[in-house]
Every structure is written in C-alpha cells, then in structure tokens.
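Examination of the molecular architecture
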Amino acid sequence: MEYRQSSETLLHGEFGVYPSKGIRYALSLTRTGLHIQRLIPKPEDDQRLLLPLSDMVGCHTLRSHSSGDVFAYFSIYSYPLKKKKVTMGSGRTRQRLVRTFRVDEESEYNKNLAIAEKWATAIKCLIQEIPIGSETEFVPELLPRARRLMLLLNPCGGRGNAPQQCQTHILPMLTEAEISYNLIQTERPNHARELVQGINLEEWDGIIVISGDGLLYEVINGLMERPDWEEAIKLPVGILPCGSGNALAGAINYNAGFDQAMGSELLLNCILLLCRGTVIPMDLVSVTTCSGIRSFSFLSVAWGFISDVDVESEKYRHMGSARFTVGTMVRVASLRTYRGRLSYLPVLDAHRPICRSITLSPNGSLAQFQRSQLHRTISDFGLCEERNVMYKRSSAALDTNELPSFETSPSPSSPTALHSSSFNFDSLSGDPSDQDSVYSKDLKPQKHHQVNGPKDDLLTPLGQPLPKNWIIVEDNFVLVLAIYQSHLGADLFTAPFSTFDDGLIHLFFVKAGISRAALVRLFLAMEKGTHLETECPYLTHIPVRAFRLEPLTRKGIITVDGERVEYGPVQAQLHKGLSNLITGSCKVRLTPF
Ligand SMILES: Nc1ncnc2c1ncn2[C@@H]1O[C@H](COP(=O)(O)OP(=O)(O)OP(=O)(O)O)[C@@H](O)[C@H]1O
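These figures come from a predicted structure and were not determined experimentally.

Turning next to the overall build of the protein. Looking only at helices and strands, one finds 13 helices and 25 strands in the protein. When burial is assessed residue by residue, the protein has 44% of its 593 residues classed as buried. Of the contacts made within the protein by residues no fewer than 6 positions apart, 75% connect residues no fewer than 24 positions apart.

Okay, here's the thing in structure tokens:
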C-alpha cells in the first residue's frame, strides 16, 4: 500500500527551463503534483510552487531544432483555475499553462531524452491513474496505447457553440493528452443513433458526445438497438457539455469533487476528467411508453412542472441554460396540477452514498453543506423579487394554496396509498385523437426501433395489475420526477446522494397544494442541494427500483432524459451498472441510509 501515500516522492531532479534564462529548478513529483522550487537565481524565501496533478492533461518530450543541442525537453500541459479579471458569476476560469523543463544532466542527447521520457511517463501514469511507486521503472511500455475516441458533435445543442468550443478547447486538450479521435458532426436528429449502430466496436475506446444530454440518449439507445447490445453498451461513453441543461456533466463534475460549475468552466473540468479517463459503471433505466416503445434512459423521467419547463422553454434555446430559468418563471406564474396514479416498488434497504465534499451532520442531514457561488442562479434573474411582486398580486391564491388544475379527469375517490389495481386506458378523459393532434407536432419523429436489453422482470405489461408489494399513490401532482443522477441540470443538485451505479431510481413528487412561493423556494434550494431540508410537506422522495406513472389528466408532457415522448402511461425499471461512463474519477463511498 506504500504507493498510495500522496506525499511519497516518485522522482526528483534538477533542470533548466525553456527558454533558457539561466534559471534552474528542483522538481519533485508526488501523487498530488509537481513541486517546483527555484534554485537559481536563489529566491529570498523558500518558495515552492505546486502544479496539481488534477489540473494536468499531458506531458510531451521535445527536441530542439538546433542539431548541436544535446539537451532534451519535457513540457507539462495544465489548466489551473484562475480568478477572472472581470468578476462575473463564479469569478473563476481555467487557463492553459505550459511549463517546459530542460534536461541537461548528460553530455549525449539520447541520455537526456531517456531522463525526459522517464518524467513524461511518470506524469502520464499519474494522470491516467496507473498504479506506480518510487520503485517503478518508468518506461514508456507502462502506458497503454493511445485511446481512440469517437467524438459526436451536435452543432445545434445549447446555444450552438459546440464547434467553437471544440476548436478552442476540446481538440487542443485532447491532442495534449495524446488521445486520438475521429470528429463527426451530427446532421439531424437521430443521426448519432444511426451512426453508433454501424460502428465496429473494436475500433473505439469510447464515444464522446459534444453536446447536451439529448445526444447521449441517442447514443445509448443506438447501442442498445444493435444485435450485439450486451457488448456494445459496455463501450464507455462520455460527455463534453455543450447543451442547455448538461445534467450528466454536472454529476460528473460533482463526483470529481469540483465546485459546481457552468459554461466553459464546466466544459474544461469535463475535458480534464476525460483526459484522465477513469471509467465506472452507470445504471440505465428501461422506460416503456403506452404504445410499447422501450428505450433506455440514463437521467430522468419527468411529468408536470419539470417536463413542461423543459419543452416549453425550447423557444428560448438561444439563451443557453438561462432558458430553464425563464421557462420556470413563466410556468410558476401559471402553475398547473395534474391528476395521476403513481405506483412504485420502494427500496427499503437503500444506502446513502456520501461524496467527499458533503459534510453530514450527526443526524445525517446535509445542513452544513455549502457550495461556492454559481455562475448563474435562478436568483440572479430576479426571481426572488418576482416572487414578492407575485405574492402581492395574487396573495389570496398563495394564502389558500389553491392553484389552477389543468383539465383533469373526474377525481377518483381514494387519493393515497392504494394497493395494486390495473390501469384503465379509458380513464384518460378526452378524445385520444385530440391528444395526438395537440401533442404529436413537437415530438421528434419516433421510429419503432427494436430495442433489446435485459428483461424488465419487476414489471407487468402496462394495463395489467402490478404485484402486491408495490405502493400506489393517486393524487393531484405539480410534478413527478424519477432521477438517477445527482443533477437535473448543471446547477440543479436534485438528488445529492445519487451515484452513477447505486441501483436506485430517486422518485420525487410534489403534490398539489404547494404555494408558488414554496415551489420557487424548493427550486432555489435545489441549486445547493438543500431542498430536502426545507421539510416541505408537499415534497416526497423515495428510492425505488421501478415505477409506473398513469396520467389521469388528458393533456400533458412526459420527457425521458429531457426528450419528449408520447403522452400516456409509462413505466420503468432500473438495470444496475448496465453501461460504462467516463468520469475521470471515482470518489464515492457508501454508508447506511
Ligand atoms: N445537426 C442537427 N440538427 C438538429 N438537431 C440535431 C442535430 N444533431 C443532433 N440534433 C438533435 O438535437 C437534440 C438536442 O440536443 P442536446 O440534447 O444534445 O442539446 P440540448 O437540448 O441543448 O441540451 P440538454 O439536453 O443538456 O438540455 C438532440 O436530441 C438531437 O437529436
């Protein structure tokens, strides 16, 4: 276990720099980073600089153009966080820093090159988390062959800046990390889905989407549609956030222990993690809609407030992630409730994972948990002020907690905790053809793909009774959300205890009766992950393995991973660790719930 000690010196040496100005440094490499101490000119105090390993993407060896130069060089590429000159949002950004050291110990080039290669190999081993120690002989053979990644870039994701981010940050950093890639720009919806169905799995070490969560949903389902799905779905997938919500990127960023981030800061964090390359299993949820279409989801199923905001804010796409803030304000102002029957299979022995950056109080709450200021928050957009104005305008409605209901079907008598009953498709009020005419126009054309995958052994077919051990809640809801990642958006820390392969669907629902002000408070608290501590009586969270949602309100929107699906009964079951995700780090441990 000696090699695990972070302070252990793996390599030590004295080097010049490039360009040479007579400056010399003593370098010590440990597991945490490169410690740099200036020797010449001698500093007045014993100042040491640390280049943290977590900021590095790669290290290259170089030779001088001049043929008589016997020196060899190695350059370290890192991206430390710096304070921005103009303090907006988080006030931090990552800036490229290249440090080049000159190996001049020997009188022959080859001998100096061998020393430079030894340092470059050790640094790359540490970046890629290859186990090494001070006894290790640092030869290039220690390193695996260069990874080959398929990059799928959606030019229409988020604000449409993926091509620019790719040129400015992504490709240069991957080159520094010596990752080889093929970059493909998607041309239309479902293009990525079709592409991954035809690839030779052996040619790739991973598929990376440069986009939002929607493109990854396509990739996962494309892999599951292959006849060799069992092998295909194990191909590691990753995400470089250039979408609107960027939920999975938020979860990866959090798992790595970085402060909550948005925009370029989040993107650079995710590129750094991709360069490290650690892969961990990720749960997938099989979702079946009323026409029998089955798809695989890595993020969420939403109905009510959240899916309404997601789909209705599509018209504000040019605003990037701010579109959800505007959408939230609009939807809060005309809040709807939906009647439905929610059935679920609870997990009684669930474990609550603790991520290292959470401080738990003795009673297990997250009360002490603090995060740094976000780049953009709902409150930045004046929602608090809006709430006060709204309160004055419609105080009667807020006081009585009465909210407009949205075309519900006649109310069944028993509202809560029923036992299993079968769903009657006729109980959806209204004319189904009318539903189609209202809702199909915004839906992406859905082909009836043959999706394979493991059997949903916890579910019975939609329309048939569920097993007796399921819980059924029939009520009026403001929202129902099944989520299996910690984040619903890069700045929405919705399920703080969720981890990539905890085997749990975190089922949240907010019942009708909540005031607009309380709902806004919940979403504001969700930015910090403290919404469960608000003890809002309308909010429920239950870890489950499977659920069924039967809307009894005629019109509505259901989304899977932020993508709209057909409206009607839907059910889902979790499949633990079915896929593999490139997270770049794994810092989660488990403790009893
Ligand atoms: N060239 C293209 N033109 C139009 N749409 C495309 C193209 N390529 C991919 N798409 C579609 O764009 C949709 C939205 O992309 P994506 O989800 O990645 O971004 P987003 O919605 O902005 O981000 P997020 O899902 O994180 O909120 C995808 O579902 C995909 O089908």
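On to unusual backbone geometry. Most peptide bonds are trans, and most residues other than glycine sit at a negative phi. In this chain, tyrosine 18 is followed by proline 19 through a cis amide linkage whose omega measures -5°. Structurally, proline 19 is set in the loop between β1 (11-17) and β2 (24-29). Residue isoleucine 40 is joined to proline 41 through a cis peptide bond whose omega torsion reads -10°. Mapped onto the elements of the fold, proline 41 is located in the loop between β3 (33-40) and β4 (48-52).

On to the UniProt feature "domain: DAGKc" (unreviewed entry) in the protein, then. With numbering matched to this structure, UniProt assigns "domain: DAGKc" (unreviewed entry) to residues 144-291. With 41% helix and 23% strand, residues 144-291 has end C-alpha atoms that lie 46 Å from one another.

Around the ligand, the surrounding shell holds 22 residues, and the nearest of these are Gly157, Gly212, Gly214, Gly243 and Gly245. Broken down by element, the shell around the ligand gets its largest block of residues, four residues, from helix α4 (residues 213-224). Of the residues belonging to the shell around the ligand, the class tally is four nonpolar, 13 polar and five charged.

To continue, consider the environment of tryptophan 204. By secondary structure assignment, the location of tryptophan 204 is in the loop between α3 (191-197) and β12 (206-211). Given 18 C-beta atoms within a 10 Å radius, tryptophan 204 is considered partly exposed. Taking the C-alpha atoms as reference, tryptophan 204 lies 12 Å from arginine 145; in sequence the two are 59 residues apart. What tryptophan 204 contacts, discounting residues up to four positions off in sequence, is Arg148, Leu149, Met150, Ile199 and Leu235.

Among the five residues of strand β16 (residues 300-304), five are classified as buried, and the element is accordingly described as predominantly covered. Judged from the five bridges that link them, β16 and strand β19 (residues 471-483) form a sheet pairing that is antiparallel. Residue pairing for β19: valine 301 is matched across the bridge by alanine 482. Note that β16 and strand β22 (residues 558-560) share three bridges and pair antiparallel.

Another aspect to go through is helix α9 (residues 322-333). Compared with an ideal rise of 1.5 Å per residue, which puts 12 residues at 16 Å, α9 spans 17 Å between its outermost C-alpha atoms and is within 8% of the ideal. All buried positions along α9 are accounted for by Arg323, Phe324, Thr325, Gly327 and Thr328. Next to the buried residues of α9 lie α8 (305-312) and α13 (516-526).

Let's shift gears to the nonpolar core. Among the nonpolar cores identified, the biggest contains 148 residues, and Ile210 and Val219 are the most heavily contacted of them. Discounting residues that sit within four places of it in the chain, isoleucine 210 has contacts with Leu151, Leu152, Leu153, Asn154, Ala162, Cys166, Ile170, Leu240 and Cys242.

Moving on, we come to the confidence of the model for the protein. Confidence in the prediction for the protein averages 82 pLDDT; 79% of positions are at 70 or higher. Contacts for the low-pLDDT stretch residues 353-446, under 50 throughout, to residues beyond four places or in other chains number 157 contacts. Contacts for the low-pLDDT stretch residues 588-593, under 50 throughout, to residues beyond four places or in other chains number 15 contacts. In the predicted complex, the global pTM is 0.83; the interface-specific ipTM is 0.97.

Another aspect to go through is helix α1 (residues 109-127). Here α1 spans 27 Å end to end across 19 residues, near enough to the 27 Å set by a 1.5 Å rise per residue. Those residues of α1 that fall on the buried side of the exposure criterion are Asn112, Leu113, Ile115, Ala116, Trp119, Ala120, Thr121, Ala122, Ile123, Lys124, Leu126 and Ile127. The inward-facing, buried residues of α1 contact β1, β2, β5 (56-63), β6 (72-78), β9 (97-103) and α7 (263-276). Glutamate 129 lies just past α1 and shows a positive phi near 55°.

With that settled, consider the packing of helix α2 (residues 162-176) against α7. For the pair α2 and α7, interaxial distance at closest approach is 10 Å and the crossing angle is 25°. Classed by the angle they form, the pair α2 and α7 counts as roughly parallel. Between α2 and α7 the crossing geometry is right-handed. Between α2 and α7, the contacting residues are Gln165, His169, Ile170 and Met173 on the first element and Leu267, Leu268, Ile271 and Cys275 on the second. Partitioning the contact of α2 with α7 into residue classes produces six nonpolar, two polar and no charged.

Criteria and thresholds
- Residues numbered from 1 in each chain as written.
- Predicted model: local features only at pLDDT ≥ 70, side-chain atom pairs only at ≥ 80, totals over all residues.
- Helix = DSSP H or I, 4+ residues; strand = E, 2+ residues; numbered from the N terminus.
- Buried ≥ 20, exposed ≤ 12 C-beta atoms within 10 Å, placed from the backbone.
- Contact = placed C-beta atoms within 7 Å.
- UniProt positions renumbered as here; feature names shortened; annotations may be inferred.
- Near = placed C-beta within 6 Å.
- Nonpolar A, V, L, I, M, F, W, Y, C, P; charged D, E, K, R; others polar.
- Pairing = 2+ DSSP bridges.
- Expected span 1.5 Å × (residues − 1).
- Core = buried A, V, L, I, M, F, W, Y, C linked by C-beta atoms within 7 Å.
- pLDDT = per-residue confidence, 0-100.
- Axes fitted to C-alpha atoms, helices over the stretch in contact; angles between N-to-C directions.
- Parallel < 35°, antiparallel > 145°, perpendicular 65-115°, else oblique.
- Left-handed = near helix turned anticlockwise from the far one by under 90°.

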